[in-house]
Each structure stands twice: as structure tokens, then as C-alpha cells.
Amino acid sequence: MTSPATADLLAQAAEYAAAWLAALPERSLGMPVAAEALRSRLGGALGDSGEDASKVISELVTALEPGLVATAGPRYFGFVASGSLPVAIAADWLVSAFDQNASMYVMSPAAAVAEEVTAEWLLDILGLARGCAVGFVTGGQMANFSCLAAARHSLLAAAGWDVEADGLRGAPAVTVVAGEHAHATVLQAIRLLGLGSANTIRVAADDHGRIRPDELRRTLQQAPGPVLVCAQAGEVNTGAVDPLRQIAGAVAEHGRAWLHVDGAFGLWASASPRLRCLTDGADLADSLTADAHKWLNVPYDCGIAIVRDPAALSAAMRVTAPYLHQSAGRDPFLFTPEVSRRARVLPVYAALRCLGRRGVAELVERCCELAQLAAVELAGCDRIRVLNEVVLNQVLFCIEGADESVTAAVIEKVQQDGTCWLGGTQWRGGPAIRFSVSTWSTTRDDICRSVAAITSAVEQVCG
Ligand SMILES: *Cc1c(COP(=O)(O)O)cnc(C)c1O
């Protein structure tokens, strides 16, 4: 039984949460307060005696409020950030209330089976083989890490080396190959795995940031030993997807190779009958990364590691101790680097069921259509040039003739105005601005209001 005090506290939290979500669409995206102001509100010495729970919650909300950023709102176009579907937020609350340890079947048969079912649904909507292993990790970074750990295991095991037992010293060399535009977290995963990002061969990309298959073939021809190839579905600036089928062909020709696809956001294109031509060949990869907290619109934190050979993933992730009894059920810790962890699958389950296959496709398609609209509207403005072919949910643009500092000034002006939020980047040696559409609640009106704010910022800065 929940004691009345607990129920009251949760009701109080629910009220704050509902108020936050209701205000989200119109919350200004202007510059958040300085850290010092937050420190003074949140800080002070920890008291010897505890405080009333309800007071702690209300004062926490008050203290945090000025530093909360509406990244989940409909006009936040920075990074690849998204807002959560209401059903996913509700399910996420239950994750905390149930407080299940989703590491072992015996600790939570509910979480273990929910993972099993959700994994099947995900593989189905993404067009991947049923037997793939699926690990629910914290995000794209850990999904890339887990997938590449499976790759390292598999490539070295095939060369007669037990990397889990014997480490990398004296191991057969693995050549790591990644596209020129591989995501920073892929390189971080390579570093964490002791493979060395500086040793990674970077394959030249085309104008949109896609790996050039001819260049990859050439690289593979010069690599006699085992090769780990990291491709990408969804370049973070342009949204471009590497030509996966051609890449998979080159990898298959080499033979002793593992193909990983970082599809943190781009892999969701596979869920749309209209867009899945972009990710054609993804099913040929040995491992893939997707982020549920990006385009599936579930709360942080939830990434998905998919590995075609479950034995490779569990060999890389295996933790053994006499008390970690494995049951006949699916033990989730065999598929992730963590042991104890929250049942983050529940919001994914809820989102998928609430949207259905068509709903997921529509969410992805709608964001892409809105990105198209943004590109058309932006291209209509004097001084703005759209730099990418908008194939997915990313628009990349620059201010004609603007250098680094003028571009930064425009970005700052947009951020000060607070209608929408955009961030800067570098593209082919010049400054550029990213516009990423990934949230269910974004409307055409949000795009038009935002483009108006951007145009006005450009006029104010450039005269
Ligand atoms: C966001 C992103 C990642 C990293 O994901 P996190 O969830 O932030 O760890 C990796 N690859 C790509 C292409 C991304 O867009």
C-alpha cells in the first residue's frame, strides 16, 4: 500500500510536471540563467537534520525553474533533441515507482519480458532480423560502445584471440575504418575499447557527408587483417545516410570484417515505408545503434544496441559471479555493459504500442516534412543558403558571405529572441547553422514562427 504521504508527494510532483508540460510550447528558449544564479538557489550547506519531503520538492522546482531548458518543446531545433510522448512520460514515472532492477530475469521477470517483447517489435519495425540481440542502454554513446565491443570480440575470436580474457596486448591487429563524418561517439567508443581513434582510418565522404563506397573498397583492399567498418545512418549535420547496401557489399567481399551502423536518429527512417529506401541495406549490418530518446520521443535516457549475433554481444558483456544466477529467462545484463539499471524499456514499449507501426512512421515522416518546409522557407530568405539536400529531419544552412563571428552573432540573436533554438557547426570548412526537427509536437506554425525569428535575426545582424 502506498501511504497517504507518498501519494500526496507523487500528486504534488504530477502537478508540477503537468504545469511544466502545459507551459512547454510557449516557454521562451532565450538564454538560460547563469550557473551562478542556480548555484545560489540550489546551494548552501547540507543541513544536519532532514527537511520535509513536500518542501524539498517544491523548493527544488523553484530553484531549478530558471535553468530548465525547453529542449522538449516544439521549437527547439538544436542538436538532435526531442520531446517525449505523454504516454512515454507516464510509463517513465512507473519505471521509477516500480523501481525494478532490469539486470536479471529473477530480479524482474516483468522488465525482462518487456525487453524481449519490445526488442521484437523494434526489430520488426526497423526491418531487421528477428534473432538480433537488443540491449537497452543509456544512449547512442553506450550503444556504439556495446556494438563495437561485440565487434571486437567477434573479429578477434575469429583470429583465435580471446580479447575478454587476454586483453589487447599481443592481439592480432584489427583495422578500424570509419567515415570522415563518423559521429564523435563512435570515435569515443573506439577509444574506450582500446582500439585507438588515431589508428582509425577515415574514409573520404561525398558532398553530403556519406562514405564513398569506392574509397571504402580501396581502403579494405589494403587491409589484410580483420576490419571493423563504422558506417552511419544520419549524418548529424545533413541527415545523410551512408550507402549501406554498397558498403555492406564491400565489407562482405573483404570477408574478415564487421559492419557497424550508427543510426542514432537516422535508423528510424527504416520504420517509414516512404523513407526506408534511405537505409536500404541496414539489415546487412552486424550491429546497429539507435536512440529511442531521439526520434522515438521517449524520455532520456534510452539508447538501443542491436547485434545480429547475440553470442558476440553477450560474450563481450558477460559478467560472472557465483551469485548472479542466470535463469531460463532472458537476462538483460547479457546485452548491456551495465548490471543494475532501470527498466528503461517501459517507455519504449508504451510509445510503440501507443503509436503503432503507422504512428511511428508518421512521426518520422512528419518531422521530415517539417524539415523540408523549414528548408524551403529558409531558402526563400535573402542571405540564407541551405547547404544540404534535406533527405531526413536535418536542415543545414549558412548566412551568405558571413564569417564565423557574424554567424555566431546571428545564432546568439536567435537564442536571445527565444522563439526557437539553433546551434552552430562547421561544414566543409565554413560556419553553418543546424536545424533539427525531431519532436512529435512541432507544427507547421512552429516552423513558420521560427523561420520568421531567424530571418529577423539575420536582418538585425547583417543590416
Ligand atoms: C546523438 C548521436 C549519437 C550519440 O547519442 P547519445 O544518445 O547522445 O549518446 C551518436 N551518433 C549519432 C549519429 C547521433 O546523432
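For the structure, check the block above.
Owing to the predicted nature of the structure, the values given are computational and were not obtained by experimental measurement. (Residues numbered from 1 in each chain as written. Predicted model: local features only at pLDDT ≥ 70, side-chain atom pairs only at ≥ 80, totals over all residues. Heavy atoms only, no water.)

This part covers the overall build of the protein. Scanning the protein from N- to C-terminus turns up 14 helices and 11 strands. Across its three principal axes, the protein shows a C-alpha extent of roughly 65 × 60 × 45 Å. Sorting the 463 residues of the protein into buried and exposed places 51% on the buried side. Taking all contacts inside the protein whose residues are at least 6 apart in sequence as the whole, residues at least 24 apart take part in 74%. A total of about 20,300 Å² of accessible surface is found on the protein, and carbon and sulfur atoms cover 55% of it. Averaged over its 36 positive side-chain charges, the protein has a centre that lies 4 Å from the centre of its 49 negative ones. (Helix = DSSP H or I, 4+ residues; strand = E, 2+ residues; numbered from the N terminus. Buried < 20%, exposed > 50% of the residue type's maximum accessible area, 1.4 Å probe, protein only. Contact = heavy atoms within 4.5 Å. Areas by Shrake-Rupley, 256 points an atom, 1.4 Å probe, with all protein chains shown as cover. Lys, Arg positive; Asp, Glu negative; His and termini not counted. Charge placed at Lys NZ, Arg CZ, Asp CG, Glu CD.)

A word on the sheet that holds strand β2 (residues 175-179). Pairing is mixed across the open sheet formed by 7 strands, whose spatial order is β1-β7-β6-β5-β4-β2-β3. Of all the strands in the sheet, just β1 (133-137) and β3 (201-203) have a single pairing partner and so form its edges. On average, each strand axis in the sheet is inclined to that of its neighbour by 20°, with strand direction left out of account. Across the face of the sheet, helix α6 (residues 140-158) comes into contact with β1, β4 (227-232), β5 (257-262), β6 (287-291) and β7 (303-307) while running at roughly 175° to β5. (Pairing = 2+ DSSP bridges. Axes fitted to C-alpha atoms, helices over the stretch in contact; angles between N-to-C directions.)

Among the nonpolar cores identified, the biggest contains 86 residues, and Trp268, Ile306, Phe435 and Ile454 are the most heavily contacted of them. With 15 residues, helix α12 (residues 345-379) is the single largest residue contributor to this core. For Trp268, the contacting residues outside a window of four places in its chain are Leu122, Ile125, Leu126, Ala290, Asp291, Ala292, Trp295, Leu296, Ile304 and Val364. Of all hydrophobic cores here, the second largest spans 36 residues; its members include Ala149, Ala150, Leu195 and Leu324. (Core = buried A, V, L, I, M, F, W, Y, C linked by side-chain atoms within 4.5 Å.)

The subject of this paragraph is the pattern of salt bridges. In this structure the tally under the stated criterion is 24 salt bridges. In this structure, the salt-bridge partner of Arg217 is Glu253, at a minimum N-O distance of 3.0 Å. A residue pair is termed long-range when its members are at least 10 positions apart, and Arg217 in helix α9 (residues 213-221) and Glu253 in helix α10 (residues 244-254) qualify at 36 residues. By relative accessible area, Glu253 is classed as exposed at 56%. By sharing partners, the salt bridges in this structure join Glu26, Arg75, Asp446 and Arg449 into a single network. (Salt bridge = Lys/Arg side-chain N within 4 Å of Asp/Glu carboxyl O.)

Another point: helix α14 (residues 444-462). End to end, α14 covers 27 Å across 19 residues, agreeing with the expected 27 Å (1.5 Å per residue, within 8%). Turning to α14, its buried residues are Asp446, Ile447, Ser450, Val451, Ala453, Ile454, Thr455, Ala457 and Val458. Elements that come into contact with the buried residues of α14 comprise α12, β8 (384-386), β9 (394-399), α13 (404-417) and β11 (430-436). Following α14 by one or two positions, Gly463 adopts a phi angle in the positive range, close to 80°. (Expected span 1.5 Å × (residues − 1).)

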